[in-house]
Amino acid sequence: MLPTLAEVLQLPALQRARPRVVACPDRLDVAVRWVHIAEVTDLAHLLRGGELVLSTGIAMPDDPEALRRYIDDLASAGVSGIAVELGRKYHAELPPAFLDAAREAGVPVVLLDRDARFVEITEAVHVRVVNEQLEELRESEKLHSVFTQLSVEGADTGRILHEVAQLSGCPVVLENLTHQVLACDLNGEEPETLLTSWESRSRAARSGSRTVHTPANGWLVTTVGARGQDWGRLILVVGANPTPRQSMLIERAATTLALVRLLERHQESLERQTHRTIIAGIIDRSYSDPEEALVRARAVGVPLNGRELVGLVLRLRESGTGLAAQARLSDTAEGAARA
């Protein structure tokens, strides 16, 4: 993750120059991608966005309109901010036209009250940026290794979600396109807190793109599917704004789930697996609180409150072994469930 302008201003190389923010102090959370030293006013075409521009101001025009054009050009190039060293041209303050234009364009301006070694500043910022990029590469490689191994091993859905919860420290839920919970790893959270009224809350969290953050409920949502056929959504309950690592994690997990689903096409559906897991938990008394079974069942679209459960056994008339018999059994189970 790139450092913010506020973090850059705290670097020792900049602190020695006594930085003072004189425009847009509320915009210091902007990311700094690079540092560009420039003493010319015609530099916008050289920039790619995200730069902190360092200048002594020696070549800046005196004409207010020319100053405004300079700021507007930098703003259109997407700079993160402008730092001006006092003493060469400006000795105490910047011209009002400079500051007014910066405020209107939303570009932070920093005054450096002491002589600044621009080379030290660029080195310090670039080392920080490169280190952050290397860390992102390491994280990406780690996630790639983890989920590739899960794919190779044919890990089941529960194990994949457990890995996501462990790596993120957040609850994770897999749902189908009708907003019924197929599987989840709540990472220690109470089921009643997280799964109650799940369907209605999930319907409100619409995702217009493949991966989206919904600030209203603090969900990071990505679509799960392959070969143009989407069949579910993976939801990471992050709370605040997600980090790039969390976005990378959930997308990699969704890809793994889609791959595993393709490999399991001829096995029972996730819905049937979820039903079986809940029934087995009731029979084995695995739930510490009976309410948990009710909450989990409601989340998958099977309300149990006030219902009688009737056991039903179906036997195939045709016996046999092998893949053909297994396929008939699977088709019968799916058909009975739909009925």
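The structure reproduced in this document is the subject of the present report.

Conventions adopted
Residues numbered from 1 in each chain as written. Predicted model: local features only at pLDDT ≥ 70, side-chain atom pairs only at ≥ 80, totals over all residues. Heavy atoms only, no water. Helix = DSSP H or I, 4+ residues; strand = E, 2+ residues; numbered from the N terminus. Rg over C-alpha atoms; globule rule 2.2 N^0.38 Å. Buried < 20%, exposed > 50% of the residue type's maximum accessible area, 1.4 Å probe, protein only. Contact = heavy atoms within 4.5 Å. Areas by Shrake-Rupley, 256 points an atom, 1.4 Å probe, with all protein chains shown as cover. Pairing = 2+ DSSP bridges. Axes fitted to C-alpha atoms, helices over the stretch in contact; angles between N-to-C directions. Parallel < 35°, antiparallel > 145°, perpendicular 65-115°, else oblique. Left-handed = near helix turned anticlockwise from the far one by under 90°. Polar contact = N/O pair within 3.5 Å; in protein donor to acceptor, adjacent residues only side chain to side chain.

## A word on the overall build of the protein
Moving on, step 1. Across its full length, the protein carries 12 helices and 10 strands.
Moving on, step 2. Relative to its length of 339 residues, the protein is extended, with a C-alpha radius of gyration of 29 Å against a globular reference of 20 Å.
Moving on, step 3. Along the first, second and third principal axes, the C-alpha set of the protein runs to 95 × 40 × 35 Å.
Moving on, step 4. Put simply, the protein has 339 residues, and 42% of those count as buried.
Moving on, step 5. Excluding contacts between residues fewer than 6 apart, the proportion of contacts in the protein whose partners are at least 24 apart in sequence is 62%.
Moving on, step 6. Looking at the protein as shown, the accessible area adds up to about 18,600 Å², and 51% of this sits on carbon and sulfur atoms.

## A short note on helix α4 (residues 96-105)
Moving on, step 1. Taken as a whole, α4 has its buried residues at Ala97, Phe98, Leu99, Ala101 and Ala102.
Moving on, step 2. Tucked inside the fold, the buried residues of α4 contact β1 (19-23), α3 (64-77), β4 (81-85) and β5 (109-112).

## A short note on the sheet that holds strand β8 (residues 211-214)
Moving on, step 1. The strand order across the open sheet formed by 5 strands is β7-β6-β10-β9-β8, and the pairing between neighbours is antiparallel. Each having just a single partner strand, β7 (181-185) and β8 make up the two edges of the open sheet. Averaged over all adjacent pairs, the angle separating strand axes in this sheet is 20°, with direction ignored.
Moving on, step 2. Bridge analysis of strand β6 (residues 172-176) against β7 gives 4 bridges, and the strand direction is antiparallel. In the strand pairing of β7, Leu174 is matched with Ala183.

## Description of unusual backbone geometry
Moving on, step 1. The residue Arg18 is not glycine, and still its phi comes out positive at about 50°.
Moving on, step 2. For Arg18, the location among the structural elements is in the loop between α2 (12-15) and β1.
Moving on, step 3. Given a relative accessible area of 47%, Arg18 falls into the partly exposed group.
Moving on, step 4. A positive phi angle is found at His179, which is not glycine, with a value near 65°.

## Some details on the packing of helix α5 (residues 118-153) against helix α9 (residues 244-263)
Moving on, step 1. It is at 10 Å that the axes of α5 and α9 come closest, and there the two elements cross at 20°. On the basis of the axis angle, α5 is roughly parallel to α9. As α5 runs across α9, the sense of the crossing is right-handed. In this structure, α5 contributes Glu136, Glu139, Ser140, Lys142, Leu143, His144, Phe147, Thr148, Leu150 and Ser151 to the contact, and α9 contributes Arg245, Met248, Leu249, Arg252, Ala253, Thr256 and Leu259.

## As for the sheet that holds strand β2 (residues 34-37)
Moving on, step 1. Sheet architecture is open: 5 strands sit in the order β1-β5-β4-β3-β2, paired in mixed fashion. Both outer strands of the open sheet, β1 and β2, are each paired with one neighbouring strand and no more. Pairwise comparison of adjacent strand axes, ignoring direction, gives a mean angle of 25° for this sheet.
Moving on, step 2. The pairing of β2 with strand β3 (residues 51-55) spans 4 bridges and is classified as parallel.

## Quick notes on the pairing of β8
Moving on, step 1. Across 4 bridges, β8 lies against strand β9 (residues 219-226) in antiparallel orientation. From the neighbouring strand, Val212 faces β9, where its bridge partner is Val221.
Moving on, step 2. Linking β8 to β9, which pair antiparallel, is a turn of 4 residues; within it Gly218 sits at a positive phi near 70°.

## Some points on the pairing of β9
Moving on, step 1. The element β9 is largely enclosed, with a buried count of 7 among its 8 residues.
Moving on, step 2. Judged from the 8 bridges that link them, β9 and strand β10 (residues 229-237) form a sheet pairing that is antiparallel. Bridge pairing in β10 places Val221 opposite Ile235.

## Observations concerning the environment of Asn187
Moving on, step 1. Relative to the helices and strands, Asn187 resides in the loop between β7 and α7 (191-195).
Moving on, step 2. Spatially, the C-alpha atom of Asn187 lies 35 Å from that of Thr332, the residues being 145 residues apart in sequence.
Moving on, step 3. Not counting the four nearest positions on each side in its chain, Asn187 is found in contact with Ala165, Gln166, Gly169, Cys170 and Pro171.
Moving on, step 4. From its side chain, Asn187 meets the backbone oxygen of Gly169 in a polar contact 3.0 Å long.

## So, the environment of Arg88
Moving on, step 1. Relative to the helices and strands, Arg88 is located in the loop between β4 and α4.
Moving on, step 2. The exposure class of Arg88 is exposed, given its relative accessible area of 54%.
Moving on, step 3. Here the alpha-carbon distance between Arg88 and Val172, two residues 84 residues apart in the chain, equals 56 Å.

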